[in-house]
Amino acid sequence: MTKELQIYNTLTRKKEVFEPINAPLVGMYVCGPTVYSDVHLGNCRTFISFDLIYRYLSHLGYNVRYVRNITDAGHLEGDRDEGDDKFAKKAKLEQLEPMEIVQKYTLGFHDVMRIFNTLSPSIEPTATGHISEQIEMIKEIISNGYAYEKEGTVYFDVEKYSKEYNYGQLTNRKLEDLLEGTRVLGGQDEKKGRLDFALWIKAKAETLMQWPSPWGWGFPGWHIECSAMSTKYLGETFDIHGGGMDLQATHHSNEIAQSQACNHTVPVKYWMHTNMLTVNGVRMSKSAGNGFLPGELFTGNHPLLERGYSPMVVRFFMAQSHYRSTLDFSNEALQASEKGFQKLMKAGETLNKLITNAESTVNIKELKEKCYTAMNDDFNSPILIAHLFDAVRIINLINDGSEKINQSDLDELKSIYNTFVFDVLGFKKEDSESTSNDLTGELIDMVLNLRLDAKKNKDFATSDKIRDALTEKGVKIKDTKDGFDWEL
RNA sequence: GGUCGCGUGGCCGAGUGGCUAGGCAGCGGUCUGCAAAACCGUCUACGGCGGUUCGAAUCCGCCCGUGACCUCCA
């Protein structure tokens, strides 16, 4: 029986019991989006996964400070430490100010996060808002001897760092292997070592976003922002650092190196990495162009999509796989999730109508323990959902009269359902389009009332004729015990 | 080429030594004038070949297939 929360730590490549550094406080940093274009679904998966983690930690009673940054500066195109950053490039393309790009896509990102019912982070710092912190950190790294300046650009000295620390720790790689795997690239003569990466990059005259620094005008390298901001808001050593697996090898390895070189401490206790969303088995990514936007998914307006799927169905689809597994997208899988999600929601309505008995024939205590055991095992939401479907079956059996439940068990069952379905998994009820107010709805009601009359008179020829006609128009009719229900 | 994964029933997806999740689809039933919907029940799989073991989807070896990272991406 797993009673304690276990988290898979990328650093040690095994599950470890979660012991916060300063319980009940928990510091969690998650690498957020680079806001130079719309978030695609793969990005969303990571943030939804960490939303689940944030929700569960909070549910367990931890006071979590959840920091998720917005990258709005730097982040070079390609791997050469020269030229414009992504924002400037896009800005020229769209004839906008870089900060207009940032604003546009930040707002869009927040909209999508809200639609997916994710909770806002405690702090959402921006790279441009922390330039001085980054400069201070770079200065410290230089004075500690782990970075050097070359003509206005500052590089981190990976080989020097590797003499004292294990640079390839996070990916379990040796420095020699890393060096071997690195390609020789042009235009990098300034760097001493092939693995060295830029902390600060000298601006060209035409660079749109640039700031003054001890090394002249320039802009920060991508990795330093996370080190600077996580240190500022969570301290030199904090509990959880998360992000997508694609960041593990480069971004996070560099982050560890920077923080170590600056603060002389291990920055993070538990590293958590979410796996990729795939399409036909291949990673969904911006560069591959095989991703779609959340909006396209909701409307179905994309060649890969047969039709639209609601945000909660998508969230459910994602929760049905574990965050460390790849999840393959398909219409068939999403349609299966849609059915399942509706079943789960419907059981919630049934739950509120259950009638109690003097005795209980169902084991609610066991159900509750199973739910916690599942989540305590590295946030295993698929297992949790499996147990919730056991709860659904129990609810329906009680409703059918096959099982009985007493008041205290019913209260407990409601508590379990609401806690896990809404608080932890973060689902919310989706209103089916209410058409009761508009003319179409009123007309359909009217016609169906006529059909009801025909049925009462056993005039089934007429009632079937009405049903067939409405079905043809796309109105799904569901007869109930004493009336009808319909949807478009 | 190096590093690390993965391969589970028609589909998606958990599970890491015995008790063999779950959802969807299919099938059977209940309900219904009929149908739909809903509900109940049912379907017993782990890439191949060897090995370890009383026992392996689960551990080990080899092979095949496949993916990610090593270069910007969550």
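Quick notes on the rules
- Residues numbered from 1 in each chain as written.
- Chains lettered and ligands numbered in written order.
- Predicted model: local features only at pLDDT ≥ 70, side-chain atom pairs only at ≥ 80, totals over all residues.
- Heavy atoms only, no water.
- Phe/Tyr/Trp six-rings, centres within 6.5 Å; stacked < 30°, edge-to-face > 60°.
- Helix = DSSP H or I, 4+ residues; strand = E, 2+ residues; numbered from the N terminus.
- Buried < 20%, exposed > 50% of the residue type's maximum accessible area, 1.4 Å probe, protein only.
- Salt bridge = Lys/Arg side-chain N within 4 Å of Asp/Glu carboxyl O.
- Near = heavy atom within 4 Å.
- Polar contact = N/O pair within 3.5 Å; in protein donor to acceptor, adjacent residues only side chain to side chain.
- Nonpolar A, V, L, I, M, F, W, Y, C, P; charged D, E, K, R; others polar.
- Patch = residues over 30% accessible without salt bridge, like charges linked within 9 Å, V, L, I, M, F, W, Y side chains within 5 Å.
- Areas by Shrake-Rupley, 256 points an atom, 1.4 Å probe, with all protein chains shown as cover.
- Core = buried A, V, L, I, M, F, W, Y, C linked by side-chain atoms within 4.5 Å.
- Domains from an automatic or database assignment.
- Contact = heavy atoms within 4.5 Å.
- Buried area = accessible area lost by both parts, 1.4 Å probe.

### Thoughts on the packing of aromatic side chains
Each pair of aromatic rings is reported with the distance of its centres and the angle of its planes.
Item 1. Within this structure, the stated rule accounts for 21 aromatic pairs.
Item 2. Measuring from centroid to centroid gives 6.1 Å for Y56 and F379, while their planes differ by 90°, and the two rings are edge-to-face. One end of the pair, Y56, is in helix α1 (residues 41-59); the other, F379, is in the loop between α12 (364-376) and α13 (381-400), with 323 residues separating them in the sequence. In this structure, Y56 and F379 share a single accessibility class: buried.

### Considerations on the pattern of salt bridges
Item 1. The final tally for this structure, using the stated rule, is 17 salt bridges.
Item 2. Note that K15 and D377 form a salt bridge whose closest N and O atoms lie 2.8 Å from each other. Separated by 362 residues along the polypeptide, K15 in strand β2 (residues 14-17) and D377 in the loop between α12 and α13 bring together distant segments of the chain.
Item 3. Of the residues examined, K15 reaches a relative accessible area of 38% and is grouped as partly exposed.
Item 4. For D377, a relative accessible area of 26% puts it in the partly exposed group.
Item 5. Its salt-bridge partner being D51, residue R315 comes within 2.7 Å of it at the nearest N-O pair. Here R315, found in helix α10 (residues 311-319), pairs with D51, found in helix α1; they are 264 residues apart in sequence, far enough to count as distant.

### What to know about the protein's contact with RNA strand B
Item 1. Among the 67 residues in the neighbourhood of RNA strand B, the closest are listed as K86, W222, G244, L247 and R283.
Item 2. Backbone atoms, meaning sugar and phosphate, form 66% of the atoms of RNA strand B found within 4 Å of the protein.
Item 3. With respect to RNA strand B, the side chain of N396 contributes an N or O atom lying 3.4 Å from a sugar or linking oxygen.
Item 4. Partitioning the surface near RNA strand B into residue classes produces 18 nonpolar, 28 polar and 21 charged.

### Examining a nonpolar patch on the surface
Item 1. A contiguous nonpolar patch, built from L439, L443 and M446 and spanning about 310 Å² of accessible area, is present on the exposed surface.
Item 2. Structurally, M446 can be placed in helix α15 (residues 439-456).

### As for the nonpolar core
Item 1. M28, L57, I141, F156, F379 and F427 are the most contacted members of the largest nonpolar core, which totals 132 residues.
Item 2. If you tally residues by element for this core, the top one is α1, at 10 residues.
Item 3. Lining this core are residues from two domains, each supplying at least three of them: domain 1 (6-274) and domain 2 (293-424).
Item 4. Dropping the residues within four chain positions of it, I141 is found in contact with Y146, A147, F156, L199, I224, Q258, A261 and C262.

### Quick word on the side chain of S230
Item 1. When you line up the elements, S230 lands in helix α7 (residues 222-234).
Item 2. Note on S230: relative accessible area 2%, which makes it buried.
Item 3. Side-chain polar atoms of S230 contact the backbone oxygen of S227, separated by 3.3 Å.
Item 4. Apart from the residues within four sequence positions on either side, S230 is in contact with Y29, G235 and F238.

### A look at the domain arrangement of chain A
The accessible area lost on association of the parts is a frequent measure of interface size.
Item 1. Under the domain assignment, chain A is made up of domain 1 (6-274), domain 2 (293-424) and domain 3 (439-487).
Item 2. Relative placement of domain 1 and domain 2: their C-alpha centres are 35 Å apart.
Item 3. At the junction of the two partners, domain 1 supplies 29 residues and domain 2 supplies 28 residues.
Item 4. Both sides of the domain 1 and domain 2 interface together cover about 2600 Å² of buried area, and 66% of this is carbon and sulfur.
Item 5. Per-residue buried area on domain 1 facing domain 2 is highest for R45, Y56 and F116; these three make up 28% of the total on that side.
Item 6. The interface formed by domain 1 and domain 2 includes 2 salt bridges.
Item 7. Seen at the junction of domain 1 and domain 2, the total is 14 residue pairs in polar contact (both at pLDDT 80 or more).
Item 8. Elements with a minimum of two residues in the side of domain 1 that touches domain 2: β1 (6-9), α1, α3 (98-115) and β10 (268-274).

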